[in-house]
Amino acid sequence: MNEPTVRLTPARARSIWLHAQRLNSAEPFGAGPEATPAAVAHLGYLQIDTIHVIERSHHHILYTRIPSYRRGHLHQAQSVDRTVFEYWTHALSYLPTETIRFYVRPMRRDWHRRIWFGDVTSQDLRRVVSRIRRAGPITIRDIDNDVLADKEHAWGSRKPAKRALEAAFYKGLVTVSRRTGMLKTYELLPRHFGWDRLPRAASERETLDYLLDRALRSQGIVSVDSICYQDAARKPAMRRLVESRVRRRELVPVQVEGAGRLEHWVRPDALDTFSGPAEELVHILSPFDPLIIQRKRLRLFFEYEYRFEAYVPRDKRVFGYFVCPVLIGDRIVAGLDLKTDRERQRLLVQRWNWVERRPSRALRERVETALHRFERFQLE
């Protein structure tokens, strides 16, 4: 491949990424329930995580981009309008329903890789699917006649039926039709969406195109690593696809200062139409935000080394249990270890880690104002 002729400073690369992530304008997806599926469609995925010391990650990520967001909007998208569904990307995520055909092949081929704890027999699967077909949607709490088994792993379940439900979910037999907190209701996937059968599975070439286009839309500037995050097997084919688009002049190779030999590409219009953040907005970001989750990319673009220490022993933590980066404009100025005291209805700052070398009083006041807004959202 020819040497890139366009060189980008980290600041310029940040501006492209922030614009693609829609973190540089106040209401990029508008307001009201329709903003939620629009945000999921643009970002491509919305990571789900069980940690609940503050707001759940999926709600937090949406609030960051939709100031008027309410939890009921995601419920409406999932359970009423059915414009989003849950499945595995690099992690369990909400995805646009219109993209489900890109996940049909993994449902058929890779489902068993997601059942980490314990075996599931075909009889277990038939039993749980038949019950849902006959009696309607269920939660794990509806199965009260399950014989408890010994755990094979600390994160596993003693209920074989729960493992069977998870297997049926990853196999595409059932879907999560609604969530109450983290309690999932399972329904037959075709019946939930009003389909006779699953959509036709996308081919591998169609899937590669989808993954590349998703990354270009939500990242702006991409590398093979960022496109194929935790999907190393696809990297050789993805590189070939990128090279073919460069030859057709659909992509431009760029060199990001400090990236060494790591190659990046952008669409030509990304260089022509955007030059920097329009507003210096303040965002309290989830550790699972798409801007934060790819740590090497974050370090290159923002010169910020994020550590997620929830699973680090207390005496070895440097920054805190659940640190949320604070973004102001195009720079990360702090990392706050946050916790919600639900009994006293307060958001607590356990530890304040400044990244900004000489934070001013005005800067702290801006962060505190954003914290108060985030506190109101959490406790509504």
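Structure: see above.
Remember, it's a predicted structure, so these values are computed and weren't measured experimentally.

1. Some remarks on the environment of Glu 98
As for its position among the elements, Glu 98 is in the loop between strand S4 (92–96) and helix H5 (101–109). Linking Glu 98 and Thr 83, residues 15 residues apart in sequence, is a C-alpha distance of 7.4 Å.

2. What about the environment of Ala 39?
Looking at the element boundaries, Ala 39 is found in helix H2 (residues 35–43). Between the C-alpha atom of Ala 39 and that of Arg 82, which follows or precedes it by 43 residues, the distance is 15 Å.

3. Describing the pattern of salt bridges
All told, the structure shown has 27 salt bridges when counted by the stated rule. Residue Arg 71 is joined to Glu 55 by a salt bridge in which the shortest nitrogen-to-oxygen separation is 2.6 Å. Of this pair, Arg 71 sits in helix H4 (residues 71–80) while Glu 55 is found in the loop between strand S2 (46–47) and helix H3 (57–65), placing the two residues 16 residues apart along the sequence. What makes Glu 55 buried here is its relative accessible area of 6%. Residue Glu 250 pairs with Arg 248 through a salt bridge whose shortest N-O separation is 2.9 Å. When its relative accessible area of 36% is taken as the criterion, Glu 250 is described as partly exposed. The network of salt bridges with shared partners includes Arg 205, Asp 209, Asp 213, Arg 245 and Arg 267.

4. Digging into the nonpolar core
Formed by 91 residues in total, the largest nonpolar core has its most connected members in Tyr 87, Ile 227, Met 238, Val 326 and Leu 338. Top contributing element to this core by residue count: helix H7 (residues 160–170), with seven residues. In this structure, Val 254, Ala 270, Leu 300 and Phe 302 belong to the second largest nonpolar core, which totals 25 residues.

5. Points about the packing of helix H9 (residues 204–219) against helix H11 (residues 235–247)
Axis separation between H9 and H11 bottoms out at 10 Å; the angle between their running directions is 70°. Considering the angle they form, H9 stands roughly perpendicular to H11. As H9 packs across H11, the resulting crossing turns out to be right-handed. The segment H9 lies against H11, with Arg 205, Leu 208, Asp 209, Leu 211, Leu 212, Asp 213 and Leu 216 engaging Ala 237, Met 238, Leu 241, Val 242 and Arg 245. Here the contact of H9 with H11 is composed, by residue class, of eight nonpolar, no polar and four charged.

6. A short note on unusual backbone geometry
Even without being a glycine, Arg 82 presents a positive backbone phi close to 60°. Position of Arg 82 relative to the elements: it lies in the loop between H4 and strand S3 (84–88). Of note in this structure, Gln 230 is not a glycine but carries a positive phi near 55°. For Gln 230, the position within the fold is in the loop between helix H10 (224–227) and H11. With a relative accessible area of 58%, Gln 230 lands in the exposed category.

7. So, the sheet that holds strand S7 (residues 221–222)
Spatially, S1-S8-S9-S7 is the arrangement adopted by the four strands of the open sheet, whose pairing is mixed. Where the open sheet ends on each side, the last strands, each with one partner, are strand S1 (6–8) and S7. Relative to strand S8 (residues 252–256), S1 is paired through three bridges, and the arrangement is parallel. Looking at the pairing, Arg 7 lines up with Gln 255 of S8. This element, helix H1 (residues 10–20), spans S1, S7 and S8 of the sheet and lies at about 90° to S1.

8. Remarks on H11
One full turn of an α-helix is made of 3.6 residues, so residues set three or four places apart face in the same direction. Given a rise of 1.5 Å per residue, 13 residues ought to cover 18 Å, and the 18 Å separating the end C-alpha atoms of H11 matches this to within 8%. Those residues of H11 not exposed but buried are Met 238, Leu 241, Val 242, Ser 244, Arg 245 and Val 246. Immediately beyond the C-terminal end of H11, within one or two residues, lies Arg 249, with a positive phi of roughly 65°.

Cut-offs applied
- Residues numbered from 1 in each chain as written.
- Predicted model: local features only at pLDDT ≥ 70, side-chain atom pairs only at ≥ 80, totals over all residues.
- Heavy atoms only, no water.
- Helix = DSSP H or I, 4+ residues; strand = E, 2+ residues; numbered from the N terminus.
- Salt bridge = Lys/Arg side-chain N within 4 Å of Asp/Glu carboxyl O.
- Buried < 20%, exposed > 50% of the residue type's maximum accessible area, 1.4 Å probe, protein only.
- Core = buried A, V, L, I, M, F, W, Y, C linked by side-chain atoms within 4.5 Å.
- Axes fitted to C-alpha atoms, helices over the stretch in contact; angles between N-to-C directions.
- Parallel < 35°, antiparallel > 145°, perpendicular 65-115°, else oblique.
- Left-handed = near helix turned anticlockwise from the far one by under 90°.
- Contact = heavy atoms within 4.5 Å.
- Nonpolar A, V, L, I, M, F, W, Y, C, P; charged D, E, K, R; others polar.
- Pairing = 2+ DSSP bridges.
- Expected span 1.5 Å × (residues − 1).

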